Structure formats: structure tokens, C-alpha cells
Amino acid sequence: MTKTMTGAKIVVQALIDQGVEVVFGYPGGAVLPIYDEIFQQNKIQHVLVRHEQGAVHAAEGYARSTGKPGVALVTSGPGATNAVTGLTDALMDSIPIIVLTGQVPTFMIGSDAFQEADTVGITRPCTKHNWLVKETDKLAGTLHEAFHIATAGRPGPVLIDIPKDVQFATGQYTEKSKRTSHYNPQMKGDIDTITELARAMETAKRPVFYTGGGVINSGPAASQLLRELVEATGFPITSTLMGLGCYPASGDKWLGMLGMHGTYEANMTMHDCDLMINIGARFDDRITGRVDAFSPKSKKAHIDIDASSINKVIRVDMPILGDVAHVLEDLLKVWKANGRKTNTEGLAKWWKQIDEWRAIDCLGYEQTGTIIRPQHAISRLEALTKGYDRYITTEVGQHQMWAAQYMGFEDPNRWMTSGGLGTMGYGTPASIGVQMAHRDALVINVAGEASWLMNMQEMGTAMQYRLPVKQFILNNERLGMVRQWQELLHGERYSSSWSEALPDFVKLAEAFGAKGIKVDDAADLDDAIQEMIDYDGPVILDCLVEKHENCFPMIPSGKGHNEMLLRNAKTQGAITATGAVMV
Amino acid sequence: MSALKIKKGSSSHSAYDLRSHFSDVIERHTLAVIVENEPGVLARVIGLFSGRGYNIESLTVAEIDHTGHRSRITVVTSGTPQVIVQIKAQLGRIIPVHEVHDLTVEGPSVERELALLKVRGKGDARVEALRLADIFRASVVDSTLESFVFEITGTPEKIDAFAELMRPLGLQEVARTGVAALARGGDSIV
Ligand SMILES: Cc1ncc(C[n+]2csc(CCOP(=O)(O)OP(=O)(O)O)c2C)c(N)n1
Ligand SMILES: [Mg+2]
């Protein structure tokens, strides 16, 4: 069935048909017809952000916490260029979002018109796909296809650039029907290789599951199957930053996060294992450390929906292209059908070894005196919020790593952080996106004071839409992670890594109409956190912490997993000249 | 070890060997990439090569099916076996790419390129140029009293050789199309 309507109406109708409930956006000349249509309906709520970067991160937070695609709407030119960081962030972390941009009318394209930018050109390398729609008749089909592309296979951001005359003109609306898209990624894995992996699992003496964001992107069934697999086999499991929550942190097979700031036991297990089963992770350089020293003795299986992730960095023996849930289902079936065997003797020894590594207590710290240790602040936040329906977002830096280390995630979609791009300024707008999707949940952004300032204007959005997001700022008055690297490899020359002239965060909160709390004494920490939780509205908690704390364990760049620096490590000269060129 | 078959979309038989061997040997591969003929598709392919630091030795593109809106891009690239597999997988991720074929590994193939060469000269050099053109089966498509434009088709190596011979005889200008390639035999990939 087709109906005739304006392009602007087609946009809104397509969003409604796709089940969109919230759009994060910011108006401007080139999207006014769409805003006019949004005004005249009440199925979709529009959230007016304060900066287009915020709209995209909010859409990411919404997507990551719901499993549904997030939508952002921005104007041409500066609106579109402001969206670029968010698009790149979503591409790196495989987050399904749809960004709609206005464009100057088709007859002005190429004339350097006011607020014209080559949006599809600029965003081509930072989207999974993008379109410039020049005919109103093609708008509906393109929008429906955009939702399919964003969510199918390895998810990612897509962008549709819509010239203003296309929004005004009338055209045919086609409904979200049976798709004709040629983009239908393979979901089932190759059964022969799955069988080979099942066999390898039967004999492995030192196996490990190395899981990542792909488990979460595959959906709740994937996390469920993973849990079943871990319980049935008794194999240890670790996860990347992006995968936290796919297996419960309270589970006894859980080793904690791995990688540059991962736990000693997780990294040593990876290094010494004889069978590594990578499920939806991509051997990122934060994970592998020095590639030629990476898990030298293991056979490696890799389950991934993206063929380009397989053998990109690390050569694997058992490549399985497919969706995590589909592959795990088959793997479990085959392994069970073959008699549910594992090498119990080998495993017992392996766990004994792992327990010795665990006994190092790599995350141990001492909280003495009044100065709050950042690790303690996060541990208390964890303890006091655990019982709540809780979602955590973060900014980027030491605080992000401490949050990953000291908070425990029991379920997927509860942890939103910028992994691949490491975008300071992600957390505040992401928390807004999460809270829009989960109005009654406790949503906390664990922030550093420097990152937080990068998108602090979004406090205005939180106020306007009564989103009680909690901004938990670990304030070390430093670009802490930068300072740590300067200590480690630039001879303690702290070049521009101070946060000087910081605002009074309490007054800042009040200026927005939010609640501000400041705490600088360990004795008052719990009360401050509880006050933050209990307040029915947005809060900024300025938590002043030890300024010179380093984040450990740390695999210095250019080193292998078994060369981790632990707390109290001698940090000078820890990074060699070859390591120093790496980031 | 068996090759893992990857089906991209509804089209058939694009197979990449995911169990690739890692070696340092630089190989030259000719890829046939069948794409949706839509705006920007060439930019996507070229942007992939420049963005990820892959080599392009030659690249040609033209629509091959007007009703089906398909274009065929022939890319000649070089890299280690691991990089070649990466290139193919990365090309496969581009949404309007329907199929990626590695003609170098899928069996014997023919590669041809067309070139136009302008040679300027008089007397013996001019006669010699004509004689060599005859040997190379190049034809004269334009001539004046002191110049020829030759048209030659063949492998890139043959064109290189011909251009090298023309250089001392007054070679002025060369225009080359880049490589077009097809698998030998009766089977077709599209
Ligand atoms: C947009 C952006 N610019 C620069 C960086 C580099 N960077 C990484 S961490 C960091 C310091 C962050 O400081 P803060 O937010 O206070 O966190 P802390 O490390 O002190 O906990 C910087 C500058 C980045 N990741 N993102
Ligand atoms: Mg800081």
C-alpha cells in the first residue's frame, strides 16, 4: 500500500513504523520541515540536546542499554560535522544508530551554499553506510533499509542526508515491508569448524573464554547461552571492556576484565592458555599487548560475525564466521551430543594455577586517612548501588578503568562506555540516552572532571526532561590517564595534564537547577553517595580523590601479557623506546 | 585445512580463505568487485584502500549491467597473504559490494589493458616505431607527418615493454586504461 505525503512526513512516518519512540536532536534551517512534522504528532518524543555530539552519544546510550537502534536528527553543515565524533564512536563500538541530517536543497548542492557540507563525503569513513536521498519517492525505502543495515550483521551507525527540497516535496510512502535488501549476513557458523572446536574443548588442559562486545550485540540469548556454556564446561571466562555484563561478575568462573588494565589472573590466563575461545571480541591492541608475545602456546578459535575481524591481528586456527548466539547454540549442541566431555584433571590443575594468580589480589588497595582513594570511591559506589536497577555510563580515563575493575556487572546492556574510540565527553549524553529508555532506573555516569567538562552542557537536557542522571565525578584535578603516561614514559614532565581553573561543581549543578554535592573526606563518602542516589533529580557529585594515583595493573605498551605492572611497581622506564611510539 | 566459505548476501560463491597463512611474501592479486552502481560506491572502495593503507596498482570501473545497475571494479593490489585476505574481507563489508572475487586464486584468468601512446619522430626512428608496433600488434589510430598515436592491448607487462621500446623513439605521452580481467573457461561469476 502506498500513500502520498511530504518528504518530511515520510521521515516521521518511517520512524514511527520502525517503532522509534525517542529521537535525540537539534534543529536548524535544513531540517525545519521535519521538525514541523514532529511538532504535529505525539508518537515520537523529541529530546532537544544542547550539542549535536550529545545527540549522537545519547542515541548510542539508548541503543546500548535497550538493544534497539538509537536515532538522532541534526541540521546540515555544523549540525552534521558535530555528529562526526559520535558516528566514529558508534562505528568503533558497533552500536546501531540512525543519524538523519538535513542538507541544502538539491539544486544548491555543490554551490558552497550556507551551511552546506559534503556530509556523505565526510561521514563515509565513519558510518557503516550512508545515503544522500535526492528523490522524495526513495525516502521511505532508504529509511527502512537504513534500520536494517544499522542492526543486521555487525551493527553500526548509518546516516541519511536529506536535502530540504526533498523534505518539502510530496512522494510515495512505502511501508516497512518484506525487505529486498541484498545485505543479509551469514548467521550460522560452519558446522565442521564448530565440531572441531567442540573436540578441542574436550581435551584442552588450559582453556579460556575470551569474550567481547559481540556477545552483547548478539542479544540476550547469546549471554544466556554463554552462561550455560561456562557452567557446563567449567572453563574460566574473561571479557573485554565492551563485553562486561555478558557473564555475571559474581560468577565463580569470572576472571575480571582483561587487557591493558585488566586483572592479573585474566591476562596470565590468556597468556598461558592452550585453548583460547574468542567469542565476539576482536583482538584489539588494548587486549593483545605485544602481538608476537600474545598467548604463544594456544590454539585459538574465533567466533565473529565480521569476516574482516578474523585473522586481522592474530592468526587463528578455528575461524567461525557467524552470529554469537547461533554459533553458541550449535557449539553447545555438538559438545553435549558428544558426551559433555572435558579434561577434568587438566582443568583442576588449571584452576589451581588461576587461584594462585588470583591470590596476588591485583586490585587490592589501602584506604587510610581522609583522602579518598579513587578505587575506594568506586568500590563504595558499587556497594551502595548494587541492589538498584542500575545502569552505568563512563567518560574516558583512569576513572573509566577503575569503574571497569571495581564495579560488577551481572547482566548485559548495563554498561555503556566508549571503548574503541575512547571519547571523552561520551558519558554525560550517554547517561541521558539511557535514562530516556529506562525512566525509573538508577543511571550513573562515572566521570573524570576533565572528560565531564567536554559535554557538560547536556545537564540542561537532563533538567528539561527531568532525567535524574547522577554525575559521579572522580575529581583528581588531573587529566589522570595522561598524567600516568607522562609519569611512566615522559620522565614525569607533566605537560598540560592539570585540570586548572576548574568550576565549583556544586555551584555549577545549582546553576543548572540540579543538586550539587561535594565530598573530600573518606568518612563522608557513603553519605554523599547515598544522598546522590536518594535525590529525585539530576545530581553532580564532586568526589575529590587522591591526585597522583595510578591505574594498575597495567600492561605497558609494547609488552606482553606476562609483563604487567602491578601496584607499587617501579614505573620509571617501564615502557621501552619501541613501546613508547605506540598509543 | 579446508577453506571457509563466506556467502555475502544472496549472491553465490564468494569464498575467502579465512584460514590464511601468515607470511611476509608480497603477492600481486587481481580482484573483481561487483558493486551496485550507486553514487559514491567508487569513493567507498578507494577510501577503503587509502584509509587502511592498502596498495592500488590499477583500478578500473564501468557499469556492466544497465538494467541490474551493476558495475565491475577491477583492482590490482599487492600485499602479504594476510593483507590480501583483509582487503577482500574489508571490501565485502561495503554495503553496495555484492561480490568479491580474487581472480588470482580462483583459477586461471586473462588480464588485458588498453593503452594509447603518442610517439613523435622523423626518419629512421619513425620507421622503427612503426616496425615495432607491427611486432606488438599495435595499430595506428592517428598520424601526422611527424607523429603517431598507437593503440595497443595486452597484458600490463606487454604494454610496459612496448612503452619502454618507444621511449628512445620519441615517446611523448601515454594513456592507459588499467587492467580488465576475466576468469578463463565457461563459468561466470556474475
Ligand atoms: C576527546 C578526547 N580528547 C583527548 C583524549 C585523551 N585522553 C585520554 S584520557 C584523558 C584524561 C581524562 O581526564 P579525566 O576525565 O579527568 O579522567 P581521569 O583520567 O583523570 O580519571 C585524555 C586527555 C581522549 N581520550 N578523548
Ligand atoms: Mg581527572
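Model, not experiment: these values are computed from the prediction.

What counts, and where the lines are drawn
- Residues numbered from 1 in each chain as written.
- Chains lettered and ligands numbered in written order.
- Predicted model: local features only at pLDDT ≥ 70, side-chain atom pairs only at ≥ 80, totals over all residues.
- Heavy atoms only, no water.
- Disulfide = S-S within 2.5 Å.
- Buried < 20%, exposed > 50% of the residue type's maximum accessible area, 1.4 Å probe, protein only.
- Pairing = 2+ DSSP bridges.
- Helix = DSSP H or I, 4+ residues; strand = E, 2+ residues; numbered from the N terminus.
- Axes fitted to C-alpha atoms, helices over the stretch in contact; angles between N-to-C directions.
- Contact = heavy atoms within 4.5 Å.
- Donors = N, O, S within 2.8 Å, 3.2 Å for Na, K, Ca; no water.
- Near = heavy atom within 4 Å.
- Polar contact = N/O pair within 3.5 Å; in protein donor to acceptor, adjacent residues only side chain to side chain.
- Areas by Shrake-Rupley, 256 points an atom, 1.4 Å probe, with all protein chains shown as cover.
- Arc of directions from axis to C-beta.

### Describing the state of the cysteines
Residues and elements named next belong to chain A.
Inference 1: Applying the stated criterion across every chain, the model contains zero disulfides over all chains.
Inference 2: Of all cysteine sulfurs, the one in cysteine 246 lies closest to cysteine 273, which takes part in no disulfide; the gap is 17 Å.
Inference 3: Cysteine 273 gets classed as buried once you look at its relative accessible area, which sits at 0%.

### Quick look at the sheet that holds strand β3 (residues 45–48) of chain A
Residue and element names in this part refer to chain A.
Inference 1: One open sheet holds the six strands; their spatial order is β3-β2-β4-β5-β7-β6, and the pairing between them is parallel. The sheet is open, and its two borders are formed by β3 and β6 (129–132), each paired with just one other strand. Neighbour-to-neighbour, the strand axes of this sheet turn through a mean angle of 20 degrees, independent of strand direction.
Inference 2: Contacting β2 (22–26), β4 (70–74) and β5 (97–103), helix α3 (residues 52–66) crosses the sheet at an angle of about 165 degrees to β4.
Inference 3: Set on the sheet, helix α7 (residues 139–151) makes contact with β4, β5, β6 and β7 (157–163); between it and β7 the angle comes to about 165 degrees.

### Concerning the sheet that holds strand β2 (residues 58–65) of chain B
All names here are of chain B.
Inference 1: Pairing in this open sheet of four strands is antiparallel, and the strands run β2-β3-β1-β4 from one edge to the other. The sheet terminates laterally at β2 and β4 (97–102), the two strands that pair on one side only. Across the sheet, the mean angle separating the axes of adjacent strands is 20 degrees when strand polarity is ignored.
Inference 2: Relative to β4, strand β1 (residues 27–36) is paired through five bridges, and the arrangement is antiparallel. The residue bridging leucine 31 from the neighbouring strand is aspartate 102, located in β4.
Inference 3: The strands touched by helix α2 (residues 81–93) within the sheet are β1, β3 (70–79) and β4, with β1 carrying the most contacts at an inclination of about 5 degrees.

### Regarding the coordination of the magnesium ion (ligand 2)
Residues and elements named next belong to chain A.
Inference 1: Every protein donor of the magnesium ion (ligand 2) is accounted for by Glu449 (OE), Glu449 (OE), Asn476 (OD1) and Arg478 (O), and the metal-donor separations fall at 2.1 to 2.8 Å.
Inference 2: Expressed as a motif, the donor residue spacing for the magnesium ion (ligand 2) is E-x26-N-x1-R. Residue glutamate 449 is found in helix α19 (residues 449–454), and its partner asparagine 476 is found in the loop between β18 (470–475) and α21 (480–489); the two are separated by 27 residues along the sequence.

### Overview of the site of ligand 1
Residue and element names in this part refer to chain A.
Inference 1: Around ligand 1, the structure places 17 residues, and the nearest of them are Gln398, His399, Gly422, Ser451 and Gly480.
Inference 2: Within the backbone of glutamine 398, a nitrogen or oxygen atom sits 2.8 Å from an oxygen atom of ligand 1.
Inference 3: Here glycine 480 contributes a backbone N or O atom positioned 2.7 Å from an oxygen atom of ligand 1.
Inference 4: Protein contact buries 76% of the 590 Å² of open area that ligand 1 shows by itself.

### Overview of helix α1 (residues 41–51) of chain B
Inference 1: Buried within α1(B) we find Val41(B), Arg44(B), Val45(B), Leu48(B) and Phe49(B). Taken down its axis, α1(B) places every buried residue within 130 degrees of arc, on the same side. Residues of α1(B) that are exposed and point more than 90 degrees away from the buried face comprise Ser50(B) and Gly51(B).
Inference 2: Against the buried residues of α1(B) lie β6 of chain A together with β1, β2, β3 and α2 of chain B.
Inference 3: Where α1(B) terminates, the next one or two residues include Gly53(B), which has phi positive at roughly 75 degrees.

### Examining unusual backbone geometry
Inference 1: Cis geometry is adopted by the peptide bond preceding Pro553(A), which originates at Phe552(A) and carries an omega value of -5 degrees.
Inference 2: With respect to the helices and strands, Pro553(A) occurs in the loop between β20 (539–544) and α24 (577–580).
Inference 3: The residue Gln115(A) is not glycine, and still its phi comes out positive at about 60 degrees.
Inference 4: Take Gln115(A): it is sitting in the loop between β5 and α6 (119–123).
Inference 5: Classification of Gln115(A) as partly exposed rests on a relative accessible area of 27%.
Inference 6: The phi dihedral of Arg137(B) is positive, around 55 degrees, even though this residue is not glycine.
Inference 7: Here Arg137(B) is to be found in the loop between α3 (123–135) and β6 (139–144).

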